[in-house]
Every structure is written in C-alpha cells, then in structure tokens.
Amino acid sequence: MRFSDMPYIRPDKDLLEEQIAEQLELLQSTDFSTADGAFVALEKIFSGVQTAVSLCYIRHSINTEDAFYAAEQEYLDETMPELEQLQQTVYGALAACPCQKEFESKYGSLMFTNISIRLRSFSAELIPSMQEENKLTTAYEKLIASAQIPFEGEVLTLVQLGPYQQSTDPMMRKKAWLAAAGFYTEHRQELDDIYDGLVKLRTKMGRQMGYENYIPLGYDRMERNCYTKEDVQAFRQAIVDYVVPVADRLYRQQAERLHRPYPLSYADTTPRFLSGNPKPQGTAEDILAAGKKFYHELSPETSAFIDGMFENQLMDVLSRKGKAGGGYCTDIPDYHCPFIFANFNGTQGDVEVLTHEGGHAFAGYTARDIFPPENQSPTMESCEIHSMSMEFFAWPWAEAFFGPEADKYRYSHLMGAITFLPYGAMVDHFQHIVYEQPDLTPEKRHEKWAELTAIYMPWIKLDMPFWGEGRAWQRQSHIYGMPFYYIDYCLAQSVALQFWALMQEDRAAAWQRYYGLVRLAGTKTYRELVLSAGLTDPFRPEGLKAACAAATKWLDRQDVTRFQ
Ligand SMILES: [Zn+2]
C-alpha cells in the first residue's frame, strides 16, 4: 500500500484494554494452542498500536507544522506510557503463563530474556516521570527545529546551515559555525534547563526502581542483553588506546592539507580537503536514482526491496522548512514495510543517509514476515551493523553518486568512520559521568565535556564561543532523547569496519556473511550475531585493532594530493 493511503487510526485506550483483558485470560490456559492463539491475537493488537504510532510520528516529522499530527503526537506522548503499561501487562502474563516452555521452544528463548529486561525496566510508578520525560525531549526537538538563523541574506535552519559549515572558504566556514553557536548561545538557559530536568527525572526513576542512579535502568531501557557497563568501559578504553592515535594522525594530515593550524578549531574539522568535501553529482533526484541503481545491482534481495520502497512512497528525504531534523528509519508493522526519513542538504551526508537508512530499511524488509515481531529486530547496536555496513557495501557505486569524486568520497567516508569512534565513545563516557554524578551543575557538566575532549579528541582546540566552551554536546540530540544510545553506533561501527576489511579481500563472501547476519534479524544477541558472521567479538580489542590497522593501511596508500 502507498504511504499516503495508509489510514491513521488513533489508538482507543479503553477499547484496547477490553480486548487485551479478554486475550490475557486465554493466555493463562494450560492448553498451548489456546494460549498461542491468544498470543497471536495480542501481537495483532499491538501491531495496530505501533502502526498508529509510526504513522503519526512520520507524518509529524515530515511536517511539524501540521496541526492535526502535532496534536496527535502530543496525545500519543501522553498516552504512550499507559499503552506501554498494557504491553508490560502482557509481557508479565507471558513470563508467568503455564505454557512458557512451549512458547520458548516455538519462538526461542531470547524473546523471554528481553521480556524480563523490559519488565524490570518499567513500573506504573514511573508513568508520571515518563510523561514528563517525553515533554522535555519534545521541547528540545522543537527548539532545535525552530531555529531560523539569518545568514548571508537568507534565513536558515540548522540543517540548512550545514553546507556553509563545510565551506572551502575558512572565513565563510567560521562565520557559519559562529552563526550556529549564536543560536545555541541564545538558548543556552533553555538547553541547560531541559537537560538538567531530564537528568534529575531519570535519576529519580532509577532510584524508584531501587538503583543508586539512572545507569542500570538506562541499560535496561536500551535492552542490553549480552554486555555490561564494564564491557562498555573496556571498549571505550580500546578506542582511546588504538583509535585516538590514528584519528589524531589523520587530523594532523587534514590540518596540513587545509593549511590550518593544529590543533584544529571546530570550524576546521569539517572540510577534509582544501577543495572541499566530495559532492554528490546532480540533483536530489539524481542521488535517489543512483541509490536505486546501487540496490538494484547489489543483490536480487536488495533489488526487490528498493522497488517496493519507491512504489509505495516509503521515502521522504528532501529538506523543507517545518520538517524535523535528522534522519531515521522506522517500521509500519501492519503494512509490513519500513519508512525512510531524511533531510538532504546537498552534501555527502545525503548519500550516507540513503545507504545508511537504506540498510536499516533493508533489514526491516528482510525480517518483515518473522513472527512474533519481537524477533524481527535485534537490539540497537546490531541494527546499526545493518546500516553502517551497508554504507561500505555501496563503495563500488560511489562513481554513480560522486562521479569523478568517488575516490575522494571513499577516503572521506573511511576517515569519518575511524574518527567517529572517539567522538561516539566520548558522548557515552560523558553520559556515564552525568548520571553517576546527577548533582553536577550545568557548568560542571560543560567542564567535564571539555576534559573529555582533551582525551578523546586531542586534535580539537577549544577556541570558539559555544563549541569551545564545553557545550558542544548540546547539539547531540541523543544525549537529550536517548541516553546511552550513542555507544551503539560505535559498537556497530567497529563491526562494520570488520566487514569493510573483509570486503577488501572477498566481496561476495562479505555479502553472504552480512546477509546471513541480517536474516537472523532479532533472534540472536549482538555478540551472537557478530560471531555468527565469523567476526571477532567486539569487546576483545583485537577486532578493533585489526580493522583499524587495515583501514589505516588503506588510507595511507591513497594519494590524497589528487583530491586537492
Ligand atoms: Zn542508524
């Protein structure tokens, strides 16, 4: 079905309660086929709810000025915690039902592990705080989307300012970074207050669940099912040990190429080359067409997938005023399809969105008929393996996207993958500090960020307003909206780099191993998925070390003077 034809039906809480109660009783039957029938019916009910939530979220983010969906989004923000409570009730009943053994043998035990994590991450007591949390994160998103920044005779959103921040003209670039800093500085009080409110709220929630602080609850809410805070800490340390020195060397080379002083000012981190960053060829439509060609030629599976996406209008990728920022991919379960949202702005980011969000969408498409839906999608860090590896599978089609700048793109992409790891680990480290010490004042938090910058990004000079004041984290929406999510990108990137290294040796084998991992969908944990593809456990530093070494070798082999 085409996206525009999919009807939005507001979830009716009272009716849902009634329907669910009826099935819950049957779920307690000692007869498995009766209990299983009730389970299937319950899954159908929640699929309907999730469909409404997705449709509303997508239509609201496509046009935040649409009053109908803005109001519906507000209604769902209010109602979702209660609906979530209904879902929890079902999970509770499932975990305690007489036929649990039969359920486990039919649907696998991971689902029940995840259910127990979800059960311990929620309590009715948390509902008022969760409602408040939703309001605060929505306030942050609205504030960021509302930016109207006068610049060079135009009025721009933060997204639209992006290309100017990468300008080849150092003065123009600096001006753009200062313009963005101006917006954030103007709203500094609001940005501090929203975050402080969130930290206090989440700390209260953690304590309500019997923990010392928010972190154990935060991990449970991310559904960490195969690694601990200590594993993550060791992973971050491996990044400091093996990746930071490489990234630092790459930035020193960049400073030389740009004829800019090292350490770099924030404004000098963005163009990789004196001649600027690689630019996609042609219009947004041309980029879309190149994306279609890529998926058509990559494999029969991706070919069928992309045709469906175009036929059913399941992509909204052009930037417009009123559209929410960022990019995402979500599922519309009743219609068994994914949806891709993005904001094209004429940079290589557009291509990355197409390949990255396309990777998520392909995984959603591949798993669309797996029942129950709990088994369709793995935890977040594994979902990011789908997307970040797909970005690398697109390399041979770089010519279609970038024409003569294809090699420049490949260099820039790989360098970005390496240099992202320290930044992502820093975002994670920062959040651990914040939630371990919830009474830090906003000023103290900024100081901590500045201290971490020296460890994770030694190539940065803290010399600009806002950016240099230890406040650069405030532009990272995940820190507000999805605590502890960010390290998932790093955990995934370390695996994607292992896939990249494989591709350099044997593309066909790399694709088969990747497709095997995608097909396992949500039936395995992150660690199991990585091992299933024959890769190194990401929490052992050897994998990161080897992939990083291979990437460095490749980068060093490139004659970058060609790109100047
Ligand atoms: Zn992603």
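Undergrad: Whenever I open this one, the coordination of the zinc ion confuses me. Can you help?
TA: Geometry reference: four tetrahedral donors at a metal, ideal angle 109.5 degrees. Six octahedral donors, ideal angles 90 or 180 degrees. Of the protein atoms, only His356 (NE2), His360 (NE2), Glu384 (OE) and Glu384 (OE) coordinate the zinc ion, at distances of 2.1 to 2.5 Å. Around the zinc ion sit four donor atoms, and with donor-metal-donor angles ranging over 55 to 145° the site reads as irregular. Donor residues binding the zinc ion come from one chain and are separated in sequence as H-x3-H-x23-E. Here His356, found in helix H14 (residues 348–366), pairs with Glu384, found in helix H15 (residues 380–393); they are 28 residues apart in sequence, far enough to count as distant. When sorted by exposure, His356 lands in the same class as Glu384, which is buried.

Undergrad: Any chance you could explain the packing of helix H20 (residues 487–505) against helix H21 (residues 507–520) here in plain terms?
TA: What describes two packed helices is the angle between their axes and the distance between those same axes. Interaxial distance between H20 and H21 falls to 6 Å at its minimum, and their mutual angle equals 145°. For the pair formed by H20 and H21, the contact residues are Phe499, Leu502, Met503 and Glu505 on the first element and Arg507, Ala510, Arg513, Tyr514 and Leu517 on the second. Across the contact of H20 with H21, the residue classes tally to six nonpolar, no polar and three charged.

Undergrad: How should I be thinking about the pattern of salt bridges in this particular structure?
TA: Side chains bearing opposite charge may pair, as long as their charged atoms lie close to each other. All chains considered together, the criterion is met by 34 salt bridges. For Glu82, the salt bridge is made with Lys13, and the minimal N-O distance between the two is 3.1 Å. Of this pair, Glu82 sits in helix H3 (residues 67–96) while Lys13 is found in helix H1 (residues 13–27), placing the two residues 69 residues apart along the sequence. A relative accessible area of 28% means that Glu82 is categorised as partly exposed. The exposure class assigned to Lys13 is partly exposed, which follows from its relative accessible area of 21%. The shortest N-O distance in the salt bridge between Arg540 and Glu542 comes to 2.8 Å. Take Arg540: its relative accessible area is 45%, and that puts it in the partly exposed class. Judged by its relative accessible area of 40%, Glu542 falls in the partly exposed class. Linked through salt bridges whose partners overlap, the residues forming this network are Glu399, Asp407, Arg410 and Arg562.

Parameters and conventions
Residues numbered from 1 in each chain as written. Predicted model: local features only at pLDDT ≥ 70, side-chain atom pairs only at ≥ 80, totals over all residues. Heavy atoms only, no water. Donors = N, O, S within 2.8 Å, 3.2 Å for Na, K, Ca; no water. Tetrahedral: all angles 85-135°; square planar, octahedral: opposite > 155°, others 65-115°. Helix = DSSP H or I, 4+ residues; strand = E, 2+ residues; numbered from the N terminus. Buried < 20%, exposed > 50% of the residue type's maximum accessible area, 1.4 Å probe, protein only. Axes fitted to C-alpha atoms, helices over the stretch in contact; angles between N-to-C directions. Contact = heavy atoms within 4.5 Å. Nonpolar A, V, L, I, M, F, W, Y, C, P; charged D, E, K, R; others polar. Salt bridge = Lys/Arg side-chain N within 4 Å of Asp/Glu carboxyl O.

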